[in-house]
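Take a look at the letters that make up each chain.
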Amino acid sequence: MVILKTIKEVKKALKELCTNSQSIGFVPTMGALHEGHASLVSRSVDENAVTAVSIFVNPIQFNNENDLKNYPVTIENDIELLEGLNCDIVFIPDKKEIYPVPVNEKYDFGQLERVMEGKFRPGHFNGVAVVVKRLFEIVEPNKAYFGEKDFQQLAIIKRLVKIIGSDIQIVPCPTLREDDGLAMSSRNRRLTEEQRANAAIISVVLKDLKELLKVMPVKEAINKSITRVNETEHMKVEYLEIVDDESLKPVNSTKNGKGIIACMAAFCGEVRLIDNYRIS
Ligand code: AMP
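Residues numbered from 1 in each chain as written. Predicted model: local features only at pLDDT ≥ 70, side-chain atom pairs only at ≥ 80, totals over all residues. Heavy atoms only, no water.

Caption draft 1: Highlighting the sheet that holds strand S8 (residues 260–268). One open sheet accounts for three strands, arranged S7-S8-S9; its pairing is antiparallel. Every interior strand has two partners, whereas the edge strands, strand S7 (235–244) and strand S9 (271–278), have only one. Across the sheet, the axes of successive neighbouring strands diverge by a mean angle of 15 degrees, strand direction being ignored. Looking at chain direction, S8 and S9 are connected through eight bridges and run antiparallel. (Pairing = 2+ DSSP bridges. Helix = DSSP H or I, 4+ residues; strand = E, 2+ residues; numbered from the N terminus. Axes fitted to C-alpha atoms, helices over the stretch in contact; angles between N-to-C directions.)

Caption draft 2: Representation of the nonpolar core in the model. Ile98, Val132, Phe136, Phe146, Ile170 and Leu248 are the most contacted members of the largest nonpolar core, which totals 47 residues. The leading source of residues in this core is helix H7 (residues 124–139), at ten residues. With residues up to four places along the chain from it excluded, the contact list for Ile98 reads Phe56, Phe91, Pro93, Val131, Arg134, Leu135 and Ile138. (Core = buried A, V, L, I, M, F, W, Y, C linked by side-chain atoms within 4.5 Å. Buried < 20%, exposed > 50% of the residue type's maximum accessible area, 1.4 Å probe, protein only. Contact = heavy atoms within 4.5 Å.)

Caption draft 3: Quick peek at the site of the ligand. As a matter of local geometry, the ligand sits amid 17 residues, with Met30, His37, Asp150, Leu176 and Met184 nearest to it. Interatomic distance of 2.9 Å between a backbone N/O atom of Gly147 and an oxygen atom of the ligand. Met184 places a polar main-chain atom, nitrogen or oxygen, 2.9 Å from a nitrogen atom of the ligand. For the ligand, whose free accessible area comes to 490 Å², the fraction covered by protein is 92%. Only strand S2 (24–29), helix H2 (35–47) and strand S5 (143–147) provide two or more residues apiece to the shell around the ligand. (Near = heavy atom within 4 Å. Polar contact = N/O pair within 3.5 Å; in protein donor to acceptor, adjacent residues only side chain to side chain. Areas by Shrake-Rupley, 256 points an atom, 1.4 Å probe, with all protein chains shown as cover.)

Caption draft 4: The sheet that holds strand S6 (residues 169–173), seen in detail. A sheet is described by the order of its strands in space; here six strands give the open sequence S1-S4-S3-S2-S5-S6, paired in parallel fashion. The outermost strands of the open sheet, each flanked by one partner alone, are strand S1 (2–4) and S6. Here the strands of the sheet are splayed against their neighbours by 25 degrees on average, with no regard to which way each runs. Examined bridge by bridge, S2 and strand S3 (residues 50–55) share six bridges and lie parallel to one another. Within S3, the residue paired with Val27 across the bridge is Val53. The sheet contacts of helix H4 (residues 75–84) involve S1, S3 and strand S4 (89–91), and relative to S3 the element is tilted by about 170 degrees. Packed onto the sheet, H7 meets S2, S3, S4, S5 and S6 and runs at close to 150 degrees relative to S2.

Caption draft 5: Geometry of the packing of aromatic side chains. Enumeration according to the criterion identifies six aromatic pairs in this entry. Centroid distance Phe26 to Phe136: 6.3 Å. Interplanar angle 70 degrees. Geometry classified as edge-to-face. A residue pair is termed long-range when its members are at least 10 positions apart, and Phe26 in strand S2 and Phe136 in helix H7 qualify at 110 residues. Both residues of the pair, Phe26 and Phe136, belong to the buried class. The interplanar angle of 25 degrees and the centroid separation of 5.5 Å between the aromatic rings of Phe120 and Tyr239 together place this pair among those described as stacked. Taken together, the residues Phe120 in helix H6 (residues 116–120) and Tyr239 in strand S7 connect sequence positions 119 residues apart. With relative accessibility at 32%, the residue Phe120 sits in the partly exposed group. For Tyr239, a relative accessible area of 7% translates into the label buried. Here the aromatic residues Phe26, Phe136 and Phe146 are joined through ring pairs into a cluster of three or more. (Phe/Tyr/Trp six-rings, centres within 6.5 Å; stacked < 30°, edge-to-face > 60°.)

Caption draft 6: Region of the structure containing helix H11 (residues 218–230). Taking 1.5 Å of rise per residue, the 13 residues of H11 would be expected to cover 18 Å, and the 18 Å separating its terminal C-alpha atoms lies within 8% of that figure. Of all the residues in H11, the buried ones are Val218, Ala221, Ile222, Ser225 and Val229. Buried residues of H11, viewed axially, fall in a sector of 100 degrees; they line one side. Packing partners of the buried residues in H11 comprise helix H10 (201–215), S7 and S8. (Expected span 1.5 Å × (residues − 1). Arc of directions from axis to C-beta.)

Caption draft 7: Focus on the pairing of S7. Most of S7 is tucked away: seven of the ten residues are buried. Two strands pair when backbone bridges link them, and S7 and S8 are joined in this way by nine bridges, in the antiparallel orientation. The residue of S8 that forms the bridge with Val243 is Ile261.

Caption draft 8: Main features of the packing of helix H1 (residues 7–17) against H7. Remark: H1 packs on H7, axes separated minimally by 9 Å, with the N-to-C direction vectors making an angle of 45 degrees. By the criterion of interaxial angle, the relationship of H1 to H7 is oblique. Facing Ile7, Val10, Lys11 and Leu14 of H1, the residues of H7 in contact are Glu137, Ile138 and Val139. Looking at the contact of H1 with H7, its residues break down into five nonpolar, no polar and two charged. (Parallel < 35°, antiparallel > 145°, perpendicular 65-115°, else oblique. Nonpolar A, V, L, I, M, F, W, Y, C, P; charged D, E, K, R; others polar.)

Below you can see the structure in the form of structure tokens.
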């Protein structure tokens, strides 16, 4: 495995490794890697001749300065984990390498960026799209792996490849969870022991929501679920939406519906966590 810091080095290494146009798999990350990330990398290693992983805490996708300042960095552990997964290239650029000049690209994702994360984190998805497009241009992968944990991000990336006319295959990967159901996340490292235990209520409530929706209207089920999370110490829901899994538009009824997903963002102390569960 090689650890590279510049675009030039990455392009050179890929040229040397892919002599017979073998397939390249790519996993973009912000580091502080956990088993969720590892599952994406392992899948890429299984499905491609060469796997590249990027570690870059992308400043322009953060709408909250404190969130960026406190984002966990564990580079040495990350490298060790990737080495064990047979990853070929780790790209760890600095800010200037990715953004040598100020960014002025603006994407229009329509409805996809007007709800949930898009509504509560203005500019977030544009920042995600800008960095992912740059990384795609550098690595030129055949396949790129993204977690369903960030369900709206996945929808945005699928739309991005359409907008830019790219034929990179976007591979969705299932959410990995802790034993109590909490979705694995780099931000979980910032929780105290007590907060960490309480944060599991997010996945418990999302899971139970599927049953609630069988016996009560959507609005009532949402309100009941929000109250249950908010009654848990340290927890405060930012949004809970039940949406169509393609348009991400909120649905009024889940009867006869297919492709419906429940998405939540909630604060646990100062740490903002997101998760989702499929309803149908
Ligand atoms: P991040 O480092 O948070 O930007 O995540 C990098 C990639 O890993 C994204 O595609 C995430 O959706 C994915 N990911 C994060 N957490 C998980 C998880 N618990 N299970 C599966 N994939 C995940």
